[in-house]
Amino acid sequence: KSSKKISMSKFAHILKVHPCYNEKLHDKVGRVHLPVAPKCNIACKFCRRSIDKECCEERPGVAKRIMKPEDVEDYLQELTKKMSNLKVVGIAGPGDSLFNKETFETLEIIGEKFPDLIKCISTNGLLLPKYAKKLSDLEVKTVTVTVNAIDPKILKNIVEWIYYDGKIYRGEEGASILIKNQMEGIKKAHDLGLIVKINTVLIPEINMDHIVDIARTFKDIAYLQNIIPLIPLYKMENLRPPTCEEIKSIREKCERYLPQFRACQQCRSDAVGLISEKRLNIFDLKHFSH
Ligand code: SF4
Ligand code: SF4
Ligand code: SF4
């Protein structure tokens, strides 16, 4: 669509350097994830993280793997010395970025001390209507929202419950609130000039034939879709991951509506460096970001 092209041209400078929005750069430009956001406000059935299982309370030694906003400056100072190609700093968990106040504190620090780094976040979108404006004020440029279904009857099989406005909502009721907020939040973020990427986890037995509806729904307000295969864990450990053929075919169907990103490695929430480098750093979080 031409309107999309025009509105996107003002982002050309970002899209030229962001490795998650440009496959050609994926192995050339460095990004770092700051694991400052431990808590999550929804319970995806393939993810162990949830509000009642905040890692720091359960197991000793886990707390040190979460970065505190006050450590961010030193860490980035070190990194920018070592990595000349560091361009993007993302907050991708290990919980939901918008559900942790540390995310906003961190974004402020980055804006103040490292104004040249592109600020990026990923979220499940439940709180995006509430915080889209704040993100835009903090000069976040790119937002990834994980949308795994837009039909509550399907989403209830993926998300067990959500925690919203002080209450737990289960099943279809929770799924409906999440979908409503994702739609509203993505629209709002787009209207504020943020570039939105949709991440979708392909779960063959649950959402395979539905993913194209997601692509169609967001065709005018998202920039890109990143379909990633289920890693069968936790309550989904008995479900099968998609075959390469299935991923390929779903991406082709979705491409009619949204450009597809095909180079994702499902980085951890503390990843650092070039995406091809599985370089370890001082943290060791065994959790995928989104
Ligand atoms: Fe890339 Fe997502 Fe990290 Fe942003 S938050 S840098 S889009 S992986
Ligand atoms: Fe939360 Fe992300 Fe885990 Fe879902 S996958 S429960 S949004 S941390
Ligand atoms: Fe790129 Fe995927 Fe890693 Fe994000 S999670 S940096 S899109 S490979």
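Residues numbered from 1 in each chain as written. Chains lettered and ligands numbered in written order. Predicted model: local features only at pLDDT ≥ 70, side-chain atom pairs only at ≥ 80, totals over all residues. Heavy atoms only, no water.

Trainee: Honestly, unusual backbone geometry in this entry has me stumped. Any pointers?
Mentor: Trans is the prevailing form of peptide bonds, just as negative phi is the prevailing case for residues other than glycine. Here the residue pair glycine 93 and proline 94 is connected by a cis peptide bond, since its omega of 15 degrees sits within 30 degrees of zero. Here proline 94 shows up in the loop between strand S3 (86-91) and helix H5 (101-113). Positive phi outside glycine occurs at tyrosine 234, with the angle close to 55 degrees. Looking at the secondary structure, you find tyrosine 234 in the loop between strand S9 (224-229) and helix H11 (244-255). (Helix = DSSP H or I, 4+ residues; strand = E, 2+ residues; numbered from the N terminus.)

Trainee: Before we go on, may I ask you to explain the site of ligand 2 in this structure?
Mentor: Surrounding ligand 2, one finds 10 residues, the nearest of these being Cys40, Ile42, Cys44, Cys47 and Pro94. Grouping the amino acids of the shell around ligand 2 by side-chain chemistry returns 6 nonpolar, 3 polar and 1 charged. (Near = heavy atom within 4 Å. Nonpolar A, V, L, I, M, F, W, Y, C, P; charged D, E, K, R; others polar.)

Trainee: Help me out: how do you make sense of the environment of isoleucine 227 in this one?
Mentor: Within the fold, isoleucine 227 resides in strand S9. Counting along the chain gives 27 residues from isoleucine 227 to threonine 200, while the straight-line C-alpha distance between them is 4.8 Å. Look past the residues within four positions of isoleucine 227 in its chain and what remains in contact with it is Thr200, Leu202, Ile211, Ile250, Arg251, Cys254 and Gln260. (Contact = heavy atoms within 4.5 Å.)

Trainee: Would you take a moment to explain helix H4 (residues 69-82) for this structure?
Mentor: In a regular helix each residue adds 1.5 Å, so 14 residues correspond to 20 Å; H4 covers 21 Å between its end C-alpha atoms and thus fits that length. Every buried residue belonging to H4 is among Pro69, Val72, Tyr75, Leu76 and Leu79, and all of these are buried. Each element contacted by the buried residues of H4 is listed here: strand S1 (30-33), S3, H5 and strand S10 (272-273). (Expected span 1.5 Å × (residues − 1). Buried < 20%, exposed > 50% of the residue type's maximum accessible area, 1.4 Å probe, protein only.)

Trainee: Before we go on, may I ask you to explain a negative patch on the surface in this structure?
Mentor: On the surface, a cluster of negative charge is contributed by Glu70, Asp71, Asp74, Glu105, Glu108 and Glu112. For the negative patch, the elements supplying multiple residues, two or more each, are H4 and H5. With respect to the helices and strands, glutamate 105 occurs in helix H5. Looking at glutamate 105, the relative accessible area reads 34%, which means it is partly exposed. (Patch = residues over 30% accessible without salt bridge, like charges linked within 9 Å, V, L, I, M, F, W, Y side chains within 5 Å. Areas by Shrake-Rupley, 256 points an atom, 1.4 Å probe, with all protein chains shown as cover. Salt bridge = Lys/Arg side-chain N within 4 Å of Asp/Glu carboxyl O. Lys, Arg positive; Asp, Glu negative; His and termini not counted. Charge placed at Lys NZ, Arg CZ, Asp CG, Glu CD.)

Trainee: Can you walk me through the sheet that holds strand S7 (residues 167-170) in this structure?
Mentor: Strand pairing within a sheet occurs via backbone hydrogen bonds; the two strands may be parallel or antiparallel. Reading across the sheet, the 3 strands line up as S2-S6-S7 and stay open at both edges, with antiparallel pairing between neighbours. What marks the edges here is a single partner per strand, and that holds for strand S2 (42-44) and S7. On average, each strand axis in the sheet is inclined to that of its neighbour by 20 degrees, with strand direction left out of account. Both S2 and strand S6 (residues 159-164) contribute to a ladder of 2 bridges, which runs antiparallel. Each bridged residue has a counterpart across the sheet, and for isoleucine 42 the counterpart in S6 is isoleucine 162. Its contacts with the sheet put helix H8 (residues 171-191) on S2, S6 and S7, and the angle it makes with S7 is roughly 105 degrees. (Pairing = 2+ DSSP bridges. Axes fitted to C-alpha atoms, helices over the stretch in contact; angles between N-to-C directions.)

Trainee: Looking at this structure, how should I read the packing of aromatic side chains?
Mentor: Two aromatic rings, taken as a pair, are described by how far apart their centres are and by the angle between their planes. This structure, assessed with the given rule, holds 3 aromatic pairs. Between tyrosine 21 and tyrosine 223, the aromatic rings sit 6.2 Å apart at their centres with planes inclined by 35 degrees, giving tilted as the arrangement. Here tyrosine 21 is found in the loop between helix H2 (12-15) and S1, whereas its partner tyrosine 223 is found in the loop between helix H10 (211-217) and S9, with 202 residues between them in sequence. Of the residues examined, tyrosine 21 reaches a relative accessible area of 5% and is grouped as buried. For the pair phenylalanine 99 and tyrosine 163, a centre-to-centre distance of 6.1 Å together with 70 degrees between the ring planes defines the contact as edge-to-face. Of this pair, phenylalanine 99 sits in the loop between S3 and H5 while tyrosine 163 sits in strand S6; the two residues are 64 residues apart in sequence, bridging distant segments of the chain. The class for phenylalanine 99 is buried, based on a relative accessible area of 18%. Directly above the ring of phenylalanine 99 sits lysine 39, whose terminal nitrogen or CZ lies 5.2 Å from the centroid. Lysine 197 extends its terminal NZ or CZ atom over the ring of tyrosine 21, reaching a point 5.8 Å from the ring centre. (Phe/Tyr/Trp six-rings, centres within 6.5 Å; stacked < 30°, edge-to-face > 60°. Lys NZ or Arg CZ within 6 Å of the ring centre and 35° of its normal.)

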